Amino acid sequence: MAIEDEIISDITAPQSGELSEHAKEYLSVLNPEQYEAVVHEGSPLLILAGAGSGKTRVITTKIAYLIGEKGVNPHSILAVTFTKKAANEMHERAIALEARAEFSQIKTFHSFGAWFLRVYAEDAGIDPNFTVYDDDDVVSLIQKAEPKLTKKEAAVYARKISLAKDYCLLPDSPELSMREEFLNPTDFAEVYALYEKRLRATGNVDFGDLILLPYLALKENAALREKMYHRFRVIMVDEYQDSNVAQFKLLEALSGLSEGSGTYVCVVGDDDQSIYKFRGAEIQNILNFPKIFSGTKIVRLESNYRSTSEILSLADNVISNNSGRLGKTLRAERGSGKIPVLAFLPNQDDEVHFCADLIQKSHEMGVPYADWAILYRTNAQSLGFESEFVRKKIPYQIVGSLKFYEREEVKDIVAWLELLANHKNEIAFHRIVNKPARSVGSKTQDSIVETARLSFQNDIIASCRERLPKLSAKAKSGISQFLEIIDEVESLFGEDTTAGGELANDVVSEHTDELKKRESKQTLAKLIEEIAKKSGLLAYYEERDKEEHTFRVENMQELANSAVPYPLARQGLLDFLDNIQLDRTLSTSEEEINPDSVTLITLHNTKGLEFNRVVMTGMEEGVFPRNGDDEEEMEEERRLCYVGITRAKNELYLTSCAVRRMYGHIEYMKCSPFLLEMGTEGIKAIGHKPSRYTNSSFHGGDYGERGLSHPDVESDPIKRKYTRGTKIFHDDYGYGIIVNTTITDEGEFGITVSFENSGIKRFLPKYQESQLMVVKE
DNA sequence: AGTGCAACTCTTTTT
DNA sequence: GAGTTGCACT
């Protein structure tokens, strides 16, 4: 690891004295708390950063400041976040402030783990050519380890194993039997142990291992820890409220905070935005941080620069119902804006139409589609919006959809790549050896894997070669074809088949990659195309595309396209696999995503994002919040609601349906308790208000009887408000006078307005209340 | 080995 | 209601 040692040798001494002009400039835009956080040094730092409080600015400015003003070597700065998107944004913004930040490690927790394991594979006791198993692969592997389990049962074990790893629990951890969730199935620990053994035999890792294995390696190896203390002098963690136990232990081991390493640790988070408990996030990490690390300085960022005061006050009304908060009140620096709108709608079709209308009408007035985000609790809810948007030709983009990598044809190609990277990958072997059919049945496959285990250190390809002469005629021909394909595609690597991950993801490797790419002009895309051709998958899917009118070949090509930036070499292959395995949510290939499109996104996925106009849909009990009973889960849902509201900069809309189709049944929905918590004061409710909603404002907490709709008592006030001759102001059209009022065929109250500058328009005021204002003279 | 039909579950949320 | 899984049949 010569490179590693080289990097740590040139940490420049801290400079003293005057700030550079550049630094004065970027520090001058900070508020006092932000400034304090940026220049703080000498003890651990906990930044409690409310939504929209400029947290990313603080982190990136701090990185720039440390490098530019404090003489910290950019290589010795590590910053981790939870999503690739956030990591990339942070890196770019840091570079914009300070070019040398390019050399800092700014990545997700998991991709940091992958980097660490490649570089220190030996210390961690694993093969440096590992690839990462996704959840489906884990389930398959559990079934291989314990064949009597059905897929469903195996999935239960898979989920719990993943959770156990988040909690940093191994099969033999005594704590495993102390936690309720691991008590059944009663043989959980045994299956977990079997799985671990089998997983190690494949030479692969799962997601949990990316955190757990680096931690274990550090824990058992003082020399390695020492190395890390020199390698990383500054460690920052973003979204710290969602870190899990394993991540905390990794951070602790990496920083040596308890060992007096002198590493500077800065964590940033917001306890009100902790929304990943189901995935093992441990909110105690942030609540107890100051207790665990004595001398911790706490800085609170409570100035919100994102949302209008109307939006923030709704957010505060909701979150203040939670107990056990560190406590924090956001100040709306932007001042006041439009009042949020709550639409009660008959059913989910109306919900979809309402959103589409809102977007389309605003677009006609020049509002870009990209202003809008549709938020929902579960992925399933996106379907209705998708079809409606397609129909109305509204461009949209779904964030966080795993669809691309879940496609059969994509998984096939990826399995080929994985097997090439790691000949021990049993799951990948099973997937591709007989596809298209080569008469290699499951019995033959199992016997080959068994032989690999017994005689070839799990190398399945070696096992294939050895078993070849002894197989039945059919299987023999199939396996020999298979081996031929393997040989042909492996020859594409040329002489560069040596294993090695020393340079992974470091700047140095990027340069070498760049050189190699230019020299050979060959990229990984070529490998993928060859695999598709030689394996017969191309022909196979061409045939199926014709019959089924699908676009599978296109998808394979798209995968190939996304591999163009990677060199045709072993390292390029591993980098590419890391990239797709650790970033499944983003469609890697930036295939013609319309830059001006509406965002469809789950509430969870919105963390860290912001939009001018936000619609929170499905505000119904049972949808959001999902379960109403458990108070702890309720608090997490409430935090999720808080996250959703605070994504909105200028306009917030909420929709709630009276009836929703679920499963195949019609469900009569109650409106979400969160709507009641928001109160009725700061929100404009339109549509048929359920009695539960109208009654609640008088006695908070008592949500009233279940009920759908009251007779519409609200239409009268509206009619009274918009009378002929009234002067109004419309956000899009400006000032005008109501020249006529009508009742439509559907019984809706309509007005005709003559605008000073926009001609004559007709409206249904009920649906325009957010844009319409009566002007008092 | 591959096809077709019947029965079942499923809705959290994701690196 | 749909998509998936498992079984039985060819």
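Higher on the page you've got the structure.
Please read these numbers as outputs of a predicted model, since none were measured by experiment.

Chemist: Help me out: how do you make sense of the overall build of chain A in this one?
Modeler: Within chain A, the regular secondary structure consists of 33 helices and 23 strands. Here chain A, with 777 residues, has 54% of them falling under the buried criterion. If you take every contact in chain A between residues at least 6 apart in sequence, the share linking residues at least 24 apart comes to 74%.

Chemist: Explanation requested: the environment of Leu-568 in the structure shown.
Modeler: Inspection of the secondary structure assignment puts Leu-568 in the loop between helix H28 (552-562) and helix H29 (570-581). Remark: the alpha-carbon pair of Leu-568 and Arg-118, spanning 450 residues in sequence, is separated by 19 Å.

Chemist: Would you take a moment to explain the packing of aromatic side chains for this structure?
Modeler: What describes a pair of aromatic rings is the distance from one ring centre to the other and the angle between the planes of the rings. One pass over the full model with this rule turns up 24 aromatic pairs. Ring geometry for Trp-416 and Phe-482: centres 5.6 Å apart, planes at 45 degrees, overall tilted. In this pair, Trp-416 is assigned in helix H20 (residues 408-421) and Phe-482 in helix H24 (residues 473-491), connecting sequence segments 66 residues apart. Here the two residues Trp-416 and Phe-482 agree in accessibility, since each one is buried. Geometry around Phe-82 places Lys-607 over its ring, the cationic atom sitting 5.6 Å from the centre.

Chemist: What is the right way to look at the protein's contact with DNA strand C in this model?
Modeler: Within the structure, DNA strand C sits among Lys-151, Arg-661 and Tyr-663. Within the side chain of Lys-151, one N or O atom sits 3.4 Å away from a phosphate oxygen of DNA strand C.

Chemist: Sorry if this is basic, but what is going on with helix H8 (residues 135-145) here?
Modeler: Given 3.6 residues per helical turn, the α-helix brings residues three or four places apart onto the same face. Within the span of H8, buried status applies to Asp-137, Val-138, Val-139, Leu-141, Ile-142 and Ala-145. Of the surrounding secondary structure, the elements contacted by the buried residues of H8 are strand S4 (132-133), helix H9 (151-166), helix H10 (188-202), strand S5 (205-206) and helix H21 (426-432). The N-cap residue of H8 is Asp-134: its side-chain oxygen and the backbone nitrogen of Asp-136 are 3.1 Å apart.

Chemist: When you look at the packing of H9 against H10 in this model, what are you seeing that I'm missing?
Modeler: When two helices pack together, their arrangement is given by the angle between the helix axes and the distance between those axes. Across the interface, H9 lies against H10 with an axial gap of 10 Å and an inter-helix angle of 80 degrees. Considered as vectors, H9 and H10 are oriented roughly perpendicular to each other. Facing Tyr-157, Lys-160, Ile-161, Ala-164 and Lys-165 of H9, the residues of H10 in contact are Phe-188, Val-191, Tyr-192, Tyr-195, Glu-196 and Leu-199. Partitioned by chemical class, the residues of the contact of H9 with H10 number eight nonpolar, no polar and three charged.

Chemist: Where do I start with the pairing of strand S16 (residues 648-662) in this structure?
Modeler: The side chains of a regular strand alternate between both faces of the sheet. When strand S11 (residues 341-347) meets S16, the two strands line up parallel, connected through six bridges. Bridge pairing in S16 places Asn-347 opposite Val-659. As paired elements, strand S15 (residues 611-616) and S16 share five bridges and run parallel to each other. Directly across from Val-615, in S16, lies its bridge partner Tyr-653. In this sheet, strand S17 (residues 665-668) lies alongside S16 in antiparallel orientation, the contact comprising four bridges. Looking across to S17, one finds that Arg-660 is bridged to Glu-667.

Chemist: Explain the environment of Ser-597 to me, please; I cannot follow it from the model alone.
Modeler: Counting through the fold element by element, Ser-597 comes out in the loop between H29 and strand S14 (598-602). Put simply, Ser-597 and Ile-394 are 203 residues apart on the chain and 7.5 Å apart in space, counted from C-alpha to C-alpha. Here Ser-597 is in contact with Tyr-369, Ala-370, Pro-395, Tyr-396 and Gln-397, once residues within four sequence places are set aside. A distance of 3.4 Å separates polar atoms of two side chains, one belonging to Ser-597 and the other to Gln-397.

Chemist: Quick question: what am I supposed to make of the sheet that holds strand S1 (residues 45-49) here?
Modeler: Hydrogen bonds between backbone atoms are what pair the strands of a sheet, whose relative direction is either parallel or antiparallel. If you walk across this open sheet you meet the six strands as S3-S2-S6-S7-S1-S8, and the pairing is parallel. Lying at the two open borders of the sheet, with one neighbouring strand each, are strand S3 (105-108) and strand S8 (297-301). Neighbouring strand axes in the sheet, compared pairwise and without regard to direction, differ in orientation by 15 degrees on average. In this fold helix H3 (residues 32-39) packs onto S1 and S8, with an angle of close to 145 degrees to the strand it touches most, S8. Those strands touched by helix H13 (residues 245-255) are strand S2 (77-81), strand S6 (234-237) and strand S7 (264-269), and its axis lies near 165 degrees from that of S6.

Chemist: Could you clarify how one ought to interpret the pairing of strand S12 (residues 372-376) in this entry?
Modeler: Among the five residues of S12, five are classified as buried, and the element is accordingly described as predominantly covered. Looking at chain direction, S12 and S15 are connected through four bridges and run parallel. For Trp-372, the partnering residue across the bridge sits in S15 and is Arg-613. Bridge analysis of S12 against S14 gives four bridges, and the strand direction is parallel. The partner of Leu-375 across the bridge, within S14, is Ile-601.

Chemist: Would you take a moment to explain helix H22 (residues 442-455) for this structure?
Modeler: Between its first and last C-alpha, H22 extends 20 Å over 14 residues, near the 20 Å set by a 1.5 Å rise per residue. Every buried residue belonging to H22 is among Thr-444, Gln-445, Ile-448, Val-449, Thr-451 and Ala-452, and all of these are buried. All buried residues of H22 lie within an arc of 160 degrees about the axis, which places them on one face of the element. Summarising the geometry of H22, the exposed residues directed more than 90 degrees from the buried face are Ser-442, Lys-443 and Leu-454. Along its buried surface, H22 packs onto H10, H21, helix H23 (460-467) and H24. A positive phi of about 45 degrees marks Gln-457, the residue just after H22.

Chemist: Can you help me understand unusual backbone geometry in this one?
Modeler: Where the residue is not glycine, phi is negative for most of them; where a peptide bond is considered, it is trans in most cases. Pro-436 follows Lys-435 through a cis peptide bond whose omega is -10 degrees. Of note, Pro-436 is situated in the loop between H21 and H22. In this structure, Cys-168 is a non-glycine residue whose phi angle is positive, near 70 degrees. Turning to its location among the elements, Cys-168 is positioned in the loop between H9 and H10. Here Cys-168 falls in the buried class, since its relative accessible area comes to 11%.

Chemist: Would you mind going over the pattern of salt bridges with me for this structure?
Modeler: Opposite charge on two side chains lets them pair, provided their charged atoms get close. Considering all chains together, one arrives at 54 salt bridges under this definition. In this structure, Asp-270 and Lys-328 form a salt bridge, with 2.7 Å as the shortest nitrogen-oxygen distance. Of the two residues, Asp-270 is situated in the loop between S7 and helix H14 (284-287) and Lys-328 in the loop between helix H16 (309-319) and strand S10 (331-332); the sequence distance between them amounts to 58 residues. You can call Asp-270 buried: its relative accessible area is 2%. For Lys-328, a relative accessible area of 8% translates into the label buried. Of the charged contacts, one joins Asp-272 and Arg-325 as a salt bridge, the two residues approaching to 2.7 Å between their closest N and O atoms. Taken as a pair, Asp-272 in the loop between S7 and H14 and Arg-325 in the loop between H16 and S10 lie far apart in primary sequence, 53 residues in all. The buried category is assigned to Asp-272, whose relative accessible area is 2%. When its relative accessible area of 25% is taken as the criterion, Arg-325 is described as partly exposed. Through salt bridges with shared partners, one network takes in Glu-408, Glu-409, Asp-412, Arg-431, Lys-435 and Arg-552.

Conventions and cut-offs
- Residues numbered from 1 in each chain as written.
- Chains lettered and ligands numbered in written order.
- Predicted model: local features only at pLDDT ≥ 70, side-chain atom pairs only at ≥ 80, totals over all residues.
- Heavy atoms only, no water.
- Helix = DSSP H or I, 4+ residues; strand = E, 2+ residues; numbered from the N terminus.
- Buried < 20%, exposed > 50% of the residue type's maximum accessible area, 1.4 Å probe, protein only.
- Contact = heavy atoms within 4.5 Å.
- Phe/Tyr/Trp six-rings, centres within 6.5 Å; stacked < 30°, edge-to-face > 60°.
- Lys NZ or Arg CZ within 6 Å of the ring centre and 35° of its normal.
- Near = heavy atom within 4 Å.
- Polar contact = N/O pair within 3.5 Å; in protein donor to acceptor, adjacent residues only side chain to side chain.
- Axes fitted to C-alpha atoms, helices over the stretch in contact; angles between N-to-C directions.
- Parallel < 35°, antiparallel > 145°, perpendicular 65-115°, else oblique.
- Nonpolar A, V, L, I, M, F, W, Y, C, P; charged D, E, K, R; others polar.
- Pairing = 2+ DSSP bridges.
- Expected span 1.5 Å × (residues − 1).
- Arc of directions from axis to C-beta.
- Salt bridge = Lys/Arg side-chain N within 4 Å of Asp/Glu carboxyl O.

Remember, this is a structural readout, not a statement about activity or role.
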